Amino acid sequence: MDQLIIEGGSPLYGTVAISGAKNAALPLIAATLLAPGSHTLHNVPDLRDTRTMLNLLEILGARWQRQGQTVQINSDHLTGVEAPYDLVKTMRASVLVLGPLLARTGFARVSLPGGCAIGARPINFHLKGFEQLGVTTRLEHGYVEAAVEGRMRGGTVYFDIPSVTGTENVLMASVMARGDTVIKNAAKEPEVGNLIDMLVAMGAEIEGKDTDRLVVHGVDRLHATESTIIPDRIETGTYMIAVAAAGGTVTLTDCTPAHLPALTEKLLLCGVNIETEATSLTVSCPEIDGRSICRPCSVDITTLPYPGFPTDLQAQFMALMVLGNGTAIIHETIFENRFMHVAELKRMGADITIEGSRAVVRGIGRDKLCGAPVMATDLRASASLVIAGLAAGGTTRISRIYHLERGYENMVEKLQRLGARVGKVREESARAGADVRA
Ligand code: EPU
């Protein structure tokens, strides 16, 4: 198994291009199941998760090929209707094939995802939504079986909590239903907007993009199309926080700064400089004694659905607050178990107490944070440990980095390009004390 070795303490300088969004690519790939023909998706990041979704489509009978960041998917002949346990257990977003399979074939069988490292994460909202469209669902041997006689019928779906993949699944199920579907308290994340744009390009009729009330006028059929994945706002935010923590000046290109309203405000409050253009931004730390490294002001955050502070940036922001000049309260309201990184950050010297859904982070400053062997527990927790490692003195060794590879394209290469002393090594050579060069 690979480990990541980081020699901390080097500020980051340079330019990095942001990849396509994992959480937009997954539903857009699933949406190609809705219509036969050859679909073209641009800016698809090459990640463990996107590969898993493409493999799932192959199991269902679609064919695909990748050329650079463009993926062509042909879903003329679907031969399967089942997302097996072995795939779903590695990526819960596999449930996104439920909606399109129901719309196209009237039947789908998907392994029920279990709990995961960040919480129980049930899919009851998805299933309740389908039922409002005339679908019958039942749980059999760990699998959800969903079936509908003929076409689905339009209905009203209300989400108790604005679920991102729930909204996407119900949208995909409803686009070819008979009549109108209204989705209330829908998720407004930009990734949902990206999916709506693709569905509309395929011939769907959807009103209310970027609002919490979506109205879908069902159409008889959709056609294959060409779509582009939006830039990854979580990858963008992760690099912004990394610069705030490690120091330096970095320009991020091919991104959408407008998709990060909450993080931008919070980083400005921390004392970081941010200059934005339409598709790029520059993050820099103010110069103190000729060094571009600042001690960030401690700032509270509460994670919320978009446009609130994203839960997917909570762990990374916490790593920054470990360096703060006071106490920051980090309130996680989306997932019940998303503080797994706390124990690992504490191994590096962080002073953090968890009180229910709040973490109290007492800033210790950069000098007291020291490298240590730590373990990644999920995707964003891994990113938080990378950020802490970049800021800390000495060597940080992160194991289980396959989590990182699920959602960050070429992270090691991108960080190396910015001057970070980071490298990937096999576990055996890590034990032997491998040398890390930029
Ligand atoms: N929820 C339910 N029942 C449901 C669905 C959701 O109780 O049927 C609850 C969840 O347990 C959670 C809340 O509703 O407490 C919101 O969850 P949501 O459904 O929005 O999450 P998701 O769609 O499963 C997506 C992202 C996550 C991201 C969340 C929140 C994808 C593929 N995944 O998950 O991304 O954290 O929205 O923004 O889009 C990540 O990329 O690291 C990641 C975990």
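Residues numbered from 1 in each chain as written. Predicted model: local features only at pLDDT ≥ 70, side-chain atom pairs only at ≥ 80, totals over all residues. Heavy atoms only, no water.

## Structural notes on the overall build of the protein
For the record, the criterion: Secondary structure counts use DSSP, requiring at least four H or I residues in a row for a helix and at least two E residues in a row for a strand, with both numbered from the N terminus. Using C-alpha atoms as the atom set, the radius of gyration is obtained and then compared with a globule rule of 2.2 Å times the number of residues to the power 0.38. Buried residues are those whose accessible area, probed at 1.4 Å on protein chains only, stays under 20% of the maximum for their type, while exposed residues exceed 50% and partly exposed ones sit between those limits.
Summing up its helical and strand segments, the protein has 15 helices and 24 strands in all. A globule of 438 residues ought to have a C-alpha radius of gyration of about 22 Å, and the protein, at 22 Å, matches this closely. Dimensions of the protein, computed from C-alpha atoms along their principal axes, come out at roughly 70 × 40 × 40 Å. In the protein, which comprises 438 residues, the share counted as buried stands at 57%.

## A short note on the site of the ligand
Worth spelling out the cut-off: Residues are classed as near a molecule or strand on a simple rule: at least one heavy atom within 4 Å of it. By the criterion applied in these results, polar contacts are pairs of N or O atoms within 3.5 Å in which, for protein atoms, one can donate a hydrogen and the other can accept it, and in which residues neighboring in sequence qualify only through two side-chain atoms. Per-residue and other accessible areas were derived by the Shrake-Rupley procedure at a 1.4 Å probe size, with only the shown protein chains allowed to occlude residues.
Around the ligand lies a shell of 22 residues, among which Asn124, Ser163, Thr165, Asp312 and Ile334 are the nearest. The contact in question runs from an oxygen atom of the ligand to an N or O atom on the backbone of Pro122, over 3.2 Å. For the ligand, an oxygen atom lies 2.6 Å from a polar atom in the side chain of Asp312. Taking 830 Å² as the accessible area of the ligand by itself, protein coverage stands at 88%. Elements with a contribution of two residues or more to the shell around the ligand: helix 1 (22–31), helix 5 (124–132), helix 6 (164–174) and helix 12 (379–391). At 3 residues, helix 5 tops the list of elements feeding residues into the shell around the ligand.

## A word on the packing of helix 10 (residues 314–321) against helix 11 (residues 340–347)
Selection criterion: To get an axis, a line is fitted to the C-alpha atoms, and for a helix only the part in contact is used. The angle between two axes follows their N-to-C directions and goes from 0 to 180 degrees. Orientation is classified from the angle alone, with under 35 degrees giving roughly parallel, over 145 giving roughly antiparallel, 65 to 115 giving roughly perpendicular, and any other angle giving oblique. For any helix crossing, the convention is left-handed if the near helix is rotated counterclockwise from the far helix by under a right angle, and right-handed if that rotation is clockwise. Contacts are assigned to residue pairs with any non-hydrogen atoms lying within 4.5 Å of each other. Three residue categories are used. Nonpolar comprises Ala, Val, Leu, Ile, Met, Phe, Trp, Tyr, Cys and Pro, charged comprises Asp, Glu, Lys and Arg, and polar comprises the others, including Gly.
Running from amino to carboxyl end, helix 10 crosses helix 11 at an angle of 25°, the nearest separation of the two axes being 10 Å. What the angle tells us is that helix 10 and helix 11 run roughly parallel. Taken as a pair, helix 10 and helix 11 cross one another with a handedness that is right-handed. Of helix 11, the residues touching helix 10 (which contributes Gln314, Ala315, Met318 and Ala319) are His341, Val342 and Leu345. Here the residues of the contact of helix 10 with helix 11 sort into 5 nonpolar, 2 polar and no charged.

## Side note on the pairing of strand 11 (residues 180–184)
Applied cut-off: Strand pairing is assigned whenever DSSP detects at least two bridges linking the two strands. With strands facing away from the observer, any crossover in which the path from the first strand over the helix to the second runs clockwise is taken as right-handed.
Here strand 10 (residues 156–158) pairs with strand 11 via 3 bridges, running parallel. Within the sheet, the bridge partner assigned to Tyr158 lies in strand 11 and is Lys184. One crossover worth recording links strand 10 to the parallel strand 11 by way of helix 6, and it is right-handed. Note: strand 11 against strand 13 (residues 213–217), 5 bridges, orientation antiparallel.

## Notes on the pairing of strand 7 (residues 107–111)
Here is the key point about a regular strand: its side chains alternate between the two faces of the sheet. Along strand 7, 4 of the 5 residues are buried, which leaves the element largely enclosed by surrounding structure. In this sheet, strand 9 (residues 143–147) lies alongside strand 7 in antiparallel orientation, the contact comprising 5 bridges. By the bridge assignment for strand 9, Phe107 is matched with Ala147.

## Quick notes on the nonpolar core
Put simply, the rule reads: Buried residues of nine kinds, namely Ala, Val, Leu, Ile, Met, Phe, Trp, Tyr and Cys, make up a nonpolar core once their side-chain atoms join them within 4.5 Å.
Core analysis: the largest hydrophobic core is formed by 71 residues, its most contacted members being Phe317 and Leu320. Take this core: its biggest share by element is 9 residues, from helix 8 (residues 233–246). Sequence-distant contacts of Leu320, defined by excluding residues within four places in its chain, comprise Ile241, Ala244, Ala245, Leu267, Cys270 and Pro296. Counting residues in hydrophobic clusters, the runner-up holds 70 residues, among them Ile29, Leu41, Met53 and Met198.

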